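Examining the three-dimensional arrangement
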Amino acid sequence: MSSISNPSPQPGKIAPGQPLHCVAPARVNLLGEHTDYTGGLVLPMAIPFTTHAIISSRPDNLYSFTSELFPDTLALDRDDRSPSRSIWADYPVGVLRQLQLRGIAPPAFDLHLSGNVPFGAGLSSSASVEVATAMALLAFTGASLSIEDIALLSQRAENNYVHSPCGIMDQFVITAAKAGHALLLNTRDLTYEHLPMNKGALAETQIVVCNSMVKHSVATGEYRVRRRELEEGQAVLRSTFPNVRDLGDASLDQLNQCQHQMSHEAFIRCRHVVTENARVRSARESMFSGDPTSLGQLMLQAHISYRDDFAASCEEVDFLVDTAINLPGCFGARLTGGGFGGCTVNLVERNHSEAFATALKAAYQQHLNIAAETYLCDAVDGAWLRNAPLPSTRAPQERA
Ligand code: GLA
């Protein structure tokens, strides 16, 4: 895996006084769920939904936060250090706080956020806002940080200011993604590798994301409960096997040996994570050999593990997965993201993807009377700075 070297983008040719514009994508995770806070592997890619952060200077001593998506605005004195308010602006303010903790003090600004990443769909609208804000504030201040630092400070903004217990996957891929590639990230040491999605028969596939419209939130109870259960199992493994630093190191055999020293829930949650890390490793091989059949099988196995061992699925999502895998051209399907609703990710032969999306939505509507949305996605680059007029915020190839 390569290590981090790319610095954050520089203001470049942007004229003084001109607003700065940063664009951040959303993400979908192909494989590796709830592995990113126990030293495991994840395999997400960036998708072409966007958050736009536009920042310009103001003549007073205030930081102002506005959004076309929310009516309320917030203005803070530059020396304000108040805690979060349970409003949308907590996300950009949390990023500002993290920069301030590093001694980075932006001049007074107006920050305006807009975009089209669906909320509560498990496509990382929060991380997209955090990374767009971080890169805009850095460029505005003339400061530069590594990809690793931008991702970590965005995650800390969410953990410490918004009080949402997420891992590092979302912020990292939104910062470091490369078009045409998925990103294999080792969440223990943050080494990563861009895996091409155009090898062999994989070049003839497309990712179809299907929004179940069942809302998901990392801040709610179940995500925290799963984290606690994994930490219980991990602590037992560590004390039994001194070489095991975290679940990322543990084998299934080691876990089985510890089964009776932990609760049944902790055991099966850990079994999901240990087998999930193995599936991500196998997925790397499938991608390099351009084999959508084996990649699709891994996705399906991942769904079964996420549903049965991790208990993170729901009836609506299971229906979508069961239906998808019986449609023509579908290699694999699974629930993606934090769980308990949100989106499925489907690996589909490209020349079937539109018909696949139509059939999946029709079946969902007919059986559950819910209008799903589907998005046909190719992998895009991570966040970037642009100094151009605001582009359309229409969703990617939306088939609502
Ligand atoms: C959410 C979190 C991520 C990760 C996933 C589950 O998206 O933000 O850090 O834990 O859930 O894989």
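Residues numbered from 1 in each chain as written. Predicted model: local features only at pLDDT ≥ 70, side-chain atom pairs only at ≥ 80, totals over all residues. Heavy atoms only, no water.

1. Observations concerning the overall build of the protein chain
Along the backbone of the protein chain there are 10 helices and 12 strands. Once the C-alpha set of the protein chain is aligned to its principal axes, its extents read approximately 60 × 50 × 40 Å. Evaluated residue by residue, the protein chain yields a buried proportion of 58% over its 400 residues. For the protein chain, long-range pairs separated by at least 24 residues make up 72% of all intrachain contacts whose partners lie at least 6 apart in sequence. Placing the 31 positive and 41 negative side-chain charges of the protein chain at their respective mean positions leaves the two points 4 Å apart. (Helix = DSSP H or I, 4+ residues; strand = E, 2+ residues; numbered from the N terminus. Buried < 20%, exposed > 50% of the residue type's maximum accessible area, 1.4 Å probe, protein only. Contact = heavy atoms within 4.5 Å. Lys, Arg positive; Asp, Glu negative; His and termini not counted. Charge placed at Lys NZ, Arg CZ, Asp CG, Glu CD.)

2. Re the confidence of the model for the protein chain
With 91% of its residues at a pLDDT of 70 or more, the protein chain has an overall mean of 93. Here residues 1-14 is modelled with pLDDT under 50, and outside its nearest four sequence neighbours on either side it reaches 34 contacts, counting other chains as well. (pLDDT = per-residue confidence, 0-100.)

3. Examining the packing of aromatic side chains
Throughout the structure, instances matching the rule amount to 10 aromatic pairs. On the basis of an interplanar angle of 5 degrees and a centroid distance of 5.6 Å, the ring pair of F70 and W88 is categorised as stacked. Taken as a pair, F70 in strand β4 (residues 70-77) and W88 in the loop between β4 and α1 (90-101) lie far apart in primary sequence, 18 residues in all. One aromatic cluster is present, formed by Y63, F65, F109 and F140 through successive ring pairs. Over the aromatic face of F310 sits the side chain of R226, whose NZ or CZ is 5.9 Å from the ring centroid. (Phe/Tyr/Trp six-rings, centres within 6.5 Å; stacked < 30°, edge-to-face > 60°. Lys NZ or Arg CZ within 6 Å of the ring centre and 35° of its normal.)

4. Here's the deal with the domain arrangement of the protein chain
Buried accessible area, meaning the area lost when the parts come together, often serves as the stated size of an interface. Each assigned domain of the protein chain is listed with its residue range as follows: domain 1 (3-194 + 380-388) and domain 2 (196-377). The C-alpha centroid of domain 2 is placed 25 Å from the C-alpha centroid of domain 1. On the side of domain 2, 47 residues touch domain 1, which itself brings 39 residues to the contact. Of the roughly 3,400 Å² buried between domain 1 and domain 2 on both sides combined, carbon and sulfur atoms contribute 64%. In this structure, the connection of domain 1 to domain 2 is made through four salt bridges. With its nearest N and O atoms 2.7 Å apart, the salt bridge here joins R188 to D246. Applying the counting rule to domain 1 against domain 2 returns 21 residue pairs in polar contact (both at pLDDT 80 or more). At the level of secondary structure, the elements contributing two or more residues to the side of domain 1 that touches domain 2 comprise β1 (20-31), β2 (41-57), β6 (181-186) and β7 (192-196). It is β2 that contributes the most residues to the side of domain 1 that touches domain 2, seven residues altogether. Split by residue class, the side of domain 1 that touches domain 2 holds 19 nonpolar, 15 polar and five charged. (Domains from an automatic or database assignment. Buried area = accessible area lost by both parts, 1.4 Å probe. Salt bridge = Lys/Arg side-chain N within 4 Å of Asp/Glu carboxyl O. Polar contact = N/O pair within 3.5 Å; in protein donor to acceptor, adjacent residues only side chain to side chain. Nonpolar A, V, L, I, M, F, W, Y, C, P; charged D, E, K, R; others polar.)

5. What about the nonpolar core?
Judged by nonpolar contacts, the single largest core of 54 residues is most densely connected at I55, F65, F109, F172 and L185. With 11 residues, the top contributor of residues to this core is helix α2 (residues 125-141). In this structure, F109 is in contact with I55, S56, S57, R58, L62, Y63, S64, F65, L96, L137 and F140, ignoring residues within four places of it in sequence. Formed by 42 residues, the second largest nonpolar core is a distinct cluster that contains V317, C330, A333 and F356. (Core = buried A, V, L, I, M, F, W, Y, C linked by side-chain atoms within 4.5 Å.)

6. Notes on the site of the ligand
Neighbouring the ligand are 13 residues, the closest being E33, H34, D36, D170 and Y223. Within the side chain of R27, an N or O atom sits 3.0 Å from an oxygen atom of the ligand. Side-chain polar atom of D36 to an oxygen atom of the ligand: 2.6 Å apart, as the coordinates give it. Here the ligand, which alone exposes 310 Å², has 98% of that area covered by the protein. (Near = heavy atom within 4 Å. Areas by Shrake-Rupley, 256 points an atom, 1.4 Å probe, with all protein chains shown as cover.)

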